[in-house]
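A closer look at the structure
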Amino acid sequence: MLLENKVVLITGASRGIGRATAIEAARQGANVAINTFRDDAVAAEVVAEIEALGRKAVVFDADVAQPDSATGFVQAAVDALGRVDVFVSNAGICPFHAFLDMPVETLRRTMEVNLHGAYFMVQAAANQMVKQGDGGSIVAISSISALVGGEMQTHYTPTKAGVHSLMQSCAVALGRHGIRCNSVLPGTIATDINKDDLADPAKREYMEGRIPLGRLGRPEDIASVVAFLASDMASYMSGSALLVDGGAFANFQ
Ligand SMILES: NC(=O)C1=CN([C@@H]2O[C@H](COP(=O)(O)OP(=O)(O)OC[C@H]3O[C@@H](n4cnc5c(N)ncnc54)[C@H](OP(=O)(O)O)[C@@H]3O)[C@@H](O)[C@H]2O)C=CC1
Ligand SMILES: C[C@H](O)[C@@H]1OC(=O)[C@H](O)[C@@H]1O
């Protein structure tokens, strides 16, 4: 097991990639603190799945865009599980919208959840790791969108480039404390975030056709890579980005 007896915290763990990562962390032997936002019933389901794997779980319900949520989440995890070994910054939104008439509020909220939220959370986790004095691993979910553009994602892609940049700077700032910081860049993973966009069969077929491995990603495809980066198997990795996209980025022509 890659994460035996580690304490792993994950934001946005009610659905999609965050939920799969929480379950994978438990499968790999970790006790898990999950941040959820809107749905208590779903949070209870994730807790039940983690406990069924014989691990402990705690839920902290909060909006990552609020600075106090970060210190609250980390404190709740320490109170319940004793410490923080791994922090996964995953929570994110992508309300598809065109550029020329982008509502200010959509731009602002996307920046605040995806980038400011990641910043506050990573900062709170890092402070706890520094206090503990024996290092740690931070993994942020960036995106292939850190590398390429999207017509309906002009508010979103800069946040994902920012999240990777945050991990690079944190790798520099925190290396002396033995804290590794890396990002994962998923390609197109079928989750609720893109359900409406991919409901158009032509769009879905087009996206699948761009992927050399011939299918959209699944949340579990990302969860296993996060577990690797979080673990001691990646002990000399920091400031790195792992692109997990079925080959899509390489498929230029
Ligand atoms: N799916 C994809 O193709 C890709 C996704 N990503 C990134 O992966 C991450 C997870 O996305 P994915 O699993 O696909 O999407 P989902 O929509 O399935 O899940 C998003 C999660 O983030 C949570 N969340 C949203 N806003 C907040 C908030 N303000 N505070 C706390 N939690 C919040 C949601 O909680 P709630 O259930 O309460 O809404 C949910 O748990 C995002 O950062 C996304 O940008 C990156 C590349 C590709
Ligand atoms: C939400 C999109 O389908 C998804 O988000 C990303 O970050 C990927 O690049 C996809 O565009």
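What comes next concerns the included structure. Just so we're clear, the structure is a prediction, and the values are computed from it rather than from any experiment.

The rules we used
- Residues numbered from 1 in each chain as written.
- Chains lettered and ligands numbered in written order.
- Predicted model: local features only at pLDDT ≥ 70, side-chain atom pairs only at ≥ 80, totals over all residues.
- Heavy atoms only, no water.
- Phe/Tyr/Trp six-rings, centres within 6.5 Å; stacked < 30°, edge-to-face > 60°.
- Helix = DSSP H or I, 4+ residues; strand = E, 2+ residues; numbered from the N terminus.
- Buried < 20%, exposed > 50% of the residue type's maximum accessible area, 1.4 Å probe, protein only.
- Disulfide = S-S within 2.5 Å.
- Near = heavy atom within 4 Å.
- Polar contact = N/O pair within 3.5 Å; in protein donor to acceptor, adjacent residues only side chain to side chain.
- Nonpolar A, V, L, I, M, F, W, Y, C, P; charged D, E, K, R; others polar.
- Expected span 1.5 Å × (residues − 1).
- Contact = heavy atoms within 4.5 Å.

The subject of this paragraph is the packing of aromatic side chains. With the rule as written, the count across this model stands at two aromatic pairs. Where F60 meets F73, the ring centres are 6.1 Å apart and the plane angle is 20 degrees; that geometry is what we call stacked. With F60 in strand β3 (residues 57-61) and F73 in helix α3 (residues 67-81), the pair connects residues that are 13 residues apart, well separated along the chain. Owing to a relative accessible area of 22%, F60 belongs among the partly exposed residues under this scheme. We classify F73 as buried; its relative accessible area is 1%. An aromatic cluster is present here, built from F60, F73 and F87 joined pairwise through their rings.

Right, let's talk about the state of the cysteines for a bit. Considering all chains together, one arrives at zero disulfides under this definition. No disulfide involves C170; its sulfur sits 5.1 Å from the nearest other cysteine sulfur, which is in C181.

It is worth spelling out the site of ligand 2 at this point. As a matter of local geometry, ligand 2 sits amid C94, F96, S143, I144, S145, Q153, Y156, G187, I193 and N194. One of the side-chain nitrogen or oxygen atoms of S143 is found 2.4 Å away from an oxygen atom of ligand 2. Between ligand 2 and Q153, the relevant distance is 3.0 Å, taken from an oxygen atom to a side-chain nitrogen or oxygen of the residue. Of the residues belonging to the shell around ligand 2, the class tally is five nonpolar, five polar and no charged.

What follows concerns the environment of Q168. On the secondary structure map, Q168 appears in helix α5 (residues 157-174). A relative accessible area of 38% places Q168 in the partly exposed class. Distance in space between the C-alpha atoms of Q168 and R180 is 9.8 Å, their sequence separation being 12 residues.

In the region of ligand 1, 31 residues are neighbours, and S14, R15, N90, Y156 and T191 sit closest. The side chain of K160 places a nitrogen or oxygen atom 2.8 Å from an oxygen atom of ligand 1. In this structure, an oxygen atom belonging to ligand 1 sits 3.4 Å away from a main-chain N or O atom of G187. Looking at the shell around ligand 1, the elements that each hand over two or more residues are α1 (16-27) and α4 (104-132). Considered class by class, the residues forming the shell around ligand 1 number 13 nonpolar, 12 polar and six charged.

Relative to the 16 Å expected for 12 residues at 1.5 Å per residue, α1 spans 17 Å between its end C-alpha atoms, a close match to the ideal helical length. Most of α1 is tucked away, with nine of its 12 residues classed as buried. Inspection of α1 places I17, G18, A20, T21, A22, I23, E24, A25 and A26 among the buried residues, and these make up the whole buried set. Looking at the packing, one finds that the buried side of α1 touches β1 (7-10), β2 (31-36), α2 (40-52), β4 (86-89), β6 (179-186) and α7 (219-230). Where α1 terminates, the next one or two residues include G29, which has phi positive at roughly 95 degrees.

Inspection of the secondary structure assignment puts G217 in the loop between α6 (201-209) and α7. With a relative accessible area of 14%, G217 lands in the buried category. Those residues in contact with G217 that sit more than four places away from it in its chain are T188, I189 and A190.

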